[in-house]
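What follows is the residue order along each chain.
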Amino acid sequence: MKRRNFVKNMVLASVGTPILLNEMKFQSIAKQLFNVAKSAEDRVLVIIRLNGGNDGLNTVIPRDQYANLTTQRSNIIIPETSVLPLTTETGLHPVMLGMKGMFDSGKLGVIQNVGYPTQNRSHFRSMDIWSSGLINSNATTGWLGRDFDNHYPNYPADYPSAQYPDPFAISMGYEVSSTCQGLMANFSHSVNNPFDVYNLNGSGVINDGTYYGSHMEYLKTLIDQANAYGGQINTSANAGNTLSTMYDPTNPLAVQLQYVAQMISGGLKSKVYILNVNEFDTHSAQVLSTNTMQGKHADLMKIVSDAIAAFQDDLQLLGIADRVAGMTFSEFGRQVASNASLGTDHGDAAPMFLFGNCLDFSLMGPNPVIDSNVVNQAGVPMQIDFRDVYASILKDWFGVPTNEIQPLFEHTVTYYNLLGACAVGLEEEELSKQQAIIYPNPSFGQSSIRFVAENEWVKIDVYDIQMKKVAEVYDGQLNAGTHDISFELLGLGAGQYFVNIQKESGTFTTKMVLVR
Amino acid sequence: MPDQGTGNDISYSLTPYTGPWTKTESAHLLRRLMFGPTNQQMLDAVSNGMNATVTALLQIPTVGEPLTISPDETFVPFGTTWVNALYPTDQAQSQVIQNARNISLAGYHYERMNKEPFSIAEKMGLFWVNHFGATATFDARASFDYYALLRANSLGNFKQLVKDVAINPNMLLFLNGASNNLFSPNENFARELLELFTIGKGPQIGAGDYTNYTEADVAAGAKIFTGWIVEGLRSDTVTDVTATFTPSLHDTTTKTLSAHFGGATISANGANEYADYIDVIFQQNEVALFICRKLYRYFVNYDLTAAVESTVIQDMSTTLLANNYEILPVLAELFTSEHFYDISVRGALIKGPLDMMYSMLNGTETQTNFDLATDYEMQLNVYWVAETLGQAYFEPPSVAGWPAYYQEPSFSKLWVNATHIKERFDISAWFAVFGGPLVNGNNFRLNVLTFLDNLSLPSDAVAVIDDMCDVFTPKNVDATQKLILKAILTNSLPDFEWTLQYNEYLANPGNTTFSDPVRTRLELTLNRLFQMPEFHTM
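Residues numbered from 1 in each chain as written. Chains lettered and ligands numbered in written order. Predicted model: local features only at pLDDT ≥ 70, side-chain atom pairs only at ≥ 80, totals over all residues. Heavy atoms only, no water.

1. A short note on the domain arrangement of chain B
For chain B, the domain assignment lists domain 1 (176-286) and domain 2 (353-369 + 394-536). The C-alpha-based centres of domain 1 of chain B and domain 2 of chain B are spaced at 48 Å. (Domains from an automatic or database assignment.)

This is the structure we're talking about:
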């Protein structure tokens, strides 16, 4: 995603205070920040869609609800003793050994009870909602597509370009992903096999403004893109590598994830990869009548778990694990009570998985509370809105500013700490009015402070731990926006200090540590 | 959405079209109603006139049954049908036979598309396969019955078809109706019946309220459909799969529908109760609008503009309601209407994989006419190819059908992406230039010489290219592209050289010294044409 050009935003105060940053130092700090930002540019999000509505209650199992769970779904329940424990209260389906291992090593996060208000139980409508991130409007764009639209206007006509030679997103298989649907076209490029070679003929068609003309232009663009993007993908795949021995060639998701690892390690700059696993619509024969630990659902979860574990292993071995994060989603969970066909019908909320090296959390949200009575058609109530998960990923992972994220959604966004463990630098941080960041901190004497001001008078002072003022940093009028003010602390001993910011919009204090 | 101007110049009228009736118009009609019309069929349609042509197309000829080709089929002799045969008792053996019958079923259906008569039958059959979205089930006899039901009634009464499909074993199995019973209602069919098959889902206007129906209606519907079971599956004693109503499994409570159905109640009525319910659904005029939109998108244009909605769709649904949900009068009116022939909708659809494959094959008069086993297996190759391109007849990706027929905003654009376009080019080149699939020593390659011989003036290079573009592109190609095509055909020699070559070929029948060069030039020319965007629209 495109960053704010923070260098332009930097405000250098010039008078009255010990702000002694010379041009050289300024540049070096700016360069340092910019480099961090560059590394965030390389970040990749892998999205795995569990198509059909995954049964969350047989995936992430509330171990503290077993009695009631048995009442609700006696014919499909996993034996309690076979559940793979994550915590004392929560466990995974017994086939998910790979993801259990990832959880134990901090590389898998589980968000419980994810959904949205007023669940729609139609596959199609609900998948549209999850793909678009919009509930009320009849959305025609995807959540990622809207963000791409913000940053890469006039797509597809102006792309690929010298600056952006690679597809923005890759959809594995033959279909593009509706999560990447932009206003004019889909930002994802479908790749079945990255080793295919492209060399297609063009044609001299023009768009005369008719439906037909629009198709001609579309097809022509596809041909050009297929050639251009195909070459990039091909080059990357050939340059890339794969090192894990855990991939099972009969596991279709594993095969595709291995291709993804190959493309990422080969230097393809695509930001998003989307993969799909079908057949989660388990109305019947979800489990075997003879063994509830086996059957269609167990097969699917094994595919997912094995493949993700192999992929993570590969990323570690390739040394690119800090650049890649993953997410699973499904259009809804299934009803709490099973049906007589050894299956479950369309329900409401369900867990989501995030994976990677940079997780801020392991298990988020409480177990669903299972009713002791069977309530007809009851689903798991939602507690965490999936749109907030999307928004948090955009913020944490791609460093999209919150003022750009909020307009992508209809509701007031709430942010969770999901993927911030590998800090990507200051420009990723979104400051509230009551927040400031001092960098570097601990400081060797020269630091900067970043904060948000309205068009207002701002006074910044530094106090020691006895609350005695030891330095004045800034005193003057500032325009609305984010400001970075550099300062130097001279003649002060090592220790803790407090930087106090007084503004008409609020006064607050931030701690800093001085080292010598 | 493309810019279609203010629409002042577009006719939205269903009044009979009275404009020019030339090959351009007849080809438009045939391309939409058939998979791959030939040059001769387009010319015949011109001479027969629009009305007679539409009348002829709106007949559903009877077809035979799938025949056995696999040696694995041990219950039925080669070349005879298995649709009323038993399955073996042994489960493993039963699966082997099921596979053999599925292969036969696929070969049979695809051969029908390849050898389609002058009729809407195959296109219309696919319309319903997409509409009801079911995949083939695990007893090929039940699958065959399901597809036969859709085809035979494809121009019949929509309400009756929904009733028949509701208790068809293939559907009962696909949407869990067969396990939907008093003790554990399963909502799967009841939901899709409303959402996708009849009234459609409107915006969500309240908790569980989708404008046209509610979650409570789904739950009531599930109860209404309880009690239907499927018997005879993979049976070693019964030769047919049947749906049976079992009173003891049926919920006999009175079901009350929401205000969207006027709060109607459905009382216990045994094996006829489901039909009572469907009658109530069809009392809502929204059902007529819903199916007319789908027909419009399939046959005319994906873009339901406000103008189309308020004119064409309204008028179609008025006709449908006036005819008590008979489909044929609606289509007869549509296909002879001013709007259908309006220039704005020509070429407005991108061909799906089946349209693409069979326009290439049928348009060149390429049919499988070897022996039965070879013919079916060649068609199976098309099955796998079209599946790779995103369309397998027996496996719509979901119960909503193929996204290209319903997914806004891209619709038929979804048939092609940068991967598919390469696959399409590779595949057409395979059939046109590289010999096509090799089956039992025979190549399934384009029949280019027959195609050429049946053009209006095969010895004239310009006329050949003109005809070729008429057959395969909805709005022709520009002059430059025609010159490129002609240069390929003549190998960049003067046109008269083609005439000489063709005449020598005519004068020496059966002599490959003369026919091979002609064949090669034509194959290369068609190959280029199939790689033009124009070919991929209709």
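2. Regarding empty space enclosed by the protein
All names here are of chain A. Scanning the entire structure with this criterion turns up 8 cavities of 30 Å³ or more. Here the largest cavity is characterised by a volume of approximately 130 Å³. Of the residues assigned to the lining of the largest cavity, the class counts are 9 nonpolar, 2 polar and 4 charged. Here the second largest cavity defines a volume of roughly 80 Å³. Looking at the second largest cavity, the residues that line it are Gly56, Leu57, Val60, Gln112, Asn113, Gly333, Arg334, Ala349, Ala350, Pro351, Pro368 and Val380. Elements with a contribution of two residues or more to the lining of the second largest cavity: β5 (108-115) and β10 (350-356). Of the residues assigned to the lining of the second largest cavity, the class counts are 7 nonpolar, 4 polar and 1 charged. (1 Å grid on protein atoms, 1.4 Å probe; cavity = no way out; pocket = protein on both sides within 12 Å on 5 of 7 lines; lining within 4 Å. Points joined across faces, edges and corners; volume = space filled by probe spheres on them. Nonpolar A, V, L, I, M, F, W, Y, C, P; charged D, E, K, R; others polar. Helix = DSSP H or I, 4+ residues; strand = E, 2+ residues; numbered from the N terminus.)

3. Quick word on the packing of aromatic side chains
Residues and elements named next belong to chain B. Here the structure, examined in full by the defined rule, presents 67 aromatic pairs over all chains. Ring geometry for Tyr110 and Tyr358: centres 6.2 Å apart, planes at 65 degrees, overall edge-to-face. Residue Tyr110 is located in helix α4 (residues 91-114), and its partner Tyr358 is located in helix α15 (residues 353-363); the two are separated by 248 residues in the primary sequence. Here Tyr110 matches Tyr358 in class, with each residue buried. Here Phe299 and Phe335 contribute two aromatic rings whose centre-to-centre distance is 5.2 Å and whose plane-to-plane angle is 75 degrees, an arrangement assigned as edge-to-face. One end of the pair, Phe299, is in helix α12 (residues 286-299); the other, Phe335, is in helix α14 (residues 327-335), with 36 residues separating them in the sequence. In this pair, the class of Phe299 matches that of Phe335, namely buried. Positioned over the ring face of Phe535 is Lys351, at 3.8 Å from the centre of the ring. (Phe/Tyr/Trp six-rings, centres within 6.5 Å; stacked < 30°, edge-to-face > 60°. Buried < 20%, exposed > 50% of the residue type's maximum accessible area, 1.4 Å probe, protein only. Lys NZ or Arg CZ within 6 Å of the ring centre and 35° of its normal.)

4. Comments concerning the packing of helix α7 (residues 158-166) of chain B against helix α11 (residues 273-282) of chain B
Residue and element names in this part refer to chain B. At a minimum axis separation of 10 Å, α7 and α11 run at an interaxial angle of 145 degrees. For α7 against α11, the interelement crossing comes out right-handed. Only Tyr274, Ala275, Ile278, Asp279 and Phe282 of α11 make contact with α7, whose side of the interface consists of Phe158, Lys159, Val162, Lys163 and Ala166. Taken together, the residues that form the contact of α7 with α11 break down as 7 nonpolar, no polar and 3 charged. (Axes fitted to C-alpha atoms, helices over the stretch in contact; angles between N-to-C directions. Left-handed = near helix turned anticlockwise from the far one by under 90°. Contact = heavy atoms within 4.5 Å.)

5. Things to note about unusual backbone geometry
Cis geometry is found at the peptide bond from Glu408(B) to Pro409(B), where omega equals -5 degrees. Mapping Pro409(B) onto the fold places it in the loop between α16 (372-388) and α17 (418-432). Non-glycine residue Ala285(A) carries a positive phi angle of around 50 degrees. Position of Ala285(A) among the secondary structure elements: in the loop between β8 (272-277) and α9 (296-318). Of note in this structure, Asn476(B) is not a glycine but carries a positive phi near 65 degrees.

6. Quick word on α14(B)
Residues and elements named next belong to chain B. All of the buried residues along α14 are Ile327, Val330, Leu331, Leu334 and Phe335. Angularly, the buried residues of α14 cover 120 degrees about the axis, an arc narrow enough to put them on a single face. At its buried positions, α14 is contacted by α1 (23-33), α3 (50-57), α5 (121-132), α7, α12 and α13 (306-322). (Arc of directions from axis to C-beta.)

7. With respect to the sheet that holds strand β14 (residues 446-453) of chain A
All names here are of chain A. As summarised here, the arrangement of the 3 strands in space is β13-β14-β17, forming an open sheet in which the pairing is antiparallel. Each having just a single partner strand, β13 (436-439) and β17 (481-488) make up the two edges of the open sheet. Mean inter-strand twist for the sheet, computed between neighbouring axes without regard to direction, equals 20 degrees. In the sheet, β13 pairs with β14 via 4 bridges, with the strands oriented antiparallel. (Pairing = 2+ DSSP bridges.)

8. Focus on the pattern of salt bridges
Residue and element names in this part refer to chain A. If you walk through the whole model with that rule in mind, you get 35 salt bridges over all chains. The salt bridge partner of Lys220 is Asp224, with a shortest N-O separation of 2.9 Å. Of this pair, Lys220 and Asp224 both sit in helix α7 (residues 211-239), 4 residues apart, which is roughly one turn of the helix. The exposure class assigned to Lys220 is partly exposed, which follows from its relative accessible area of 23%. On the basis of relative accessible area, Asp224 is assigned to the partly exposed category, the value being 37%. Its salt-bridge partner being Lys459, residue Asp461 comes within 2.9 Å of it at the nearest N-O pair. Judged by relative accessible area, Asp461 falls into the buried class, the value being 0%. What you see here is one network of salt bridges that share partners, running through Lys459, Asp461, Lys469 and Glu472. (Salt bridge = Lys/Arg side-chain N within 4 Å of Asp/Glu carboxyl O.)

9. Thoughts on the confidence of the model for chain A
Considering every residue of chain A, the mean pLDDT works out to 83; 86% of them sit at 70 or more. Confidence drops under pLDDT 50 across residues 1-39 of chain A; counting only partners more than four residues distant or on other chains, this segment forms 73 contacts. (pLDDT = per-residue confidence, 0-100.)

10. Some thoughts on the pairing of strand β19 (residues 506-514) of chain A
Residues and elements named next belong to chain A. Of the two faces of β19, the one lined by Gly506, Phe508, Thr510, Met512 and Leu514 is fully buried and the one lined by Thr507, Thr509, Lys511 and Val513 carries no buried residue. Bridge count between strand β18 (residues 495-503) and β19: 9 bridges; the pairing is antiparallel. Within β19, the residue paired with Val499 across the bridge is Thr510. Two successive antiparallel strands, β18 and β19, enclose a turn made up of 2 residues.

11. Some remarks on helix α10 (residues 386-398) of chain A
Side chains that are three or four residues apart share a direction in an α-helix, a result of its 3.6 residues per turn. Residues and elements named next belong to chain A. Along its 13 residues, α10 runs 17 Å from first to last C-alpha, staying within 8% of the 18 Å computed at 1.5 Å per residue. Across the 13 residues of α10, 13 count as buried, placing the element largely inside the fold. Remark: Gly399 follows α10 within two positions and exhibits a positive phi of approximately 60 degrees. (Expected span 1.5 Å × (residues − 1).)

12. Here we look at the sheet that holds strand β2 (residues 60-62) of chain A
Residues and elements named next belong to chain A. Taken in spatial order, the 3 strands make up an open sheet running β2-β4-β3, and their pairing is antiparallel. Looking at the sheet topology across the chains shown, the edges are occupied by β2 and β3 (84-85). Bridge count between β2 and strand β4 (residues 90-92): 3 bridges; the pairing is antiparallel. Looking at β4, one finds that Ile61 is bridged to Gly91.

13. Here we look at the interface of chain B and chain A
Facing 65 residues of chain B, the contacting portion of chain A comprises 50 residues. Roughly 4,600 Å² of surface becomes buried between chain B and chain A when both sides are summed, with 55% attributable to carbon and sulfur atoms. Area buried by chain B at its contact with chain A is led by Thr419(B), Lys422(B) and Pro533(B), which between them contribute 13% of it. The tally of links from chain B across to chain A stands at 14 residue pairs in polar contact (both at pLDDT 80 or more). Of all the secondary-structure elements, those providing two or more residues to the side of chain B that touches chain A are α9 (188-197), α10 (215-224) and α17 of chain B. Per-element tally for the side of chain B that touches chain A: the top contributor is α17(B), with 7 residues. Across the side of chain B that touches chain A, the residue classes break down as 21 nonpolar, 28 polar and 16 charged. (Buried area = accessible area lost by both parts, 1.4 Å probe. Polar contact = N/O pair within 3.5 Å; in protein donor to acceptor, adjacent residues only side chain to side chain.)

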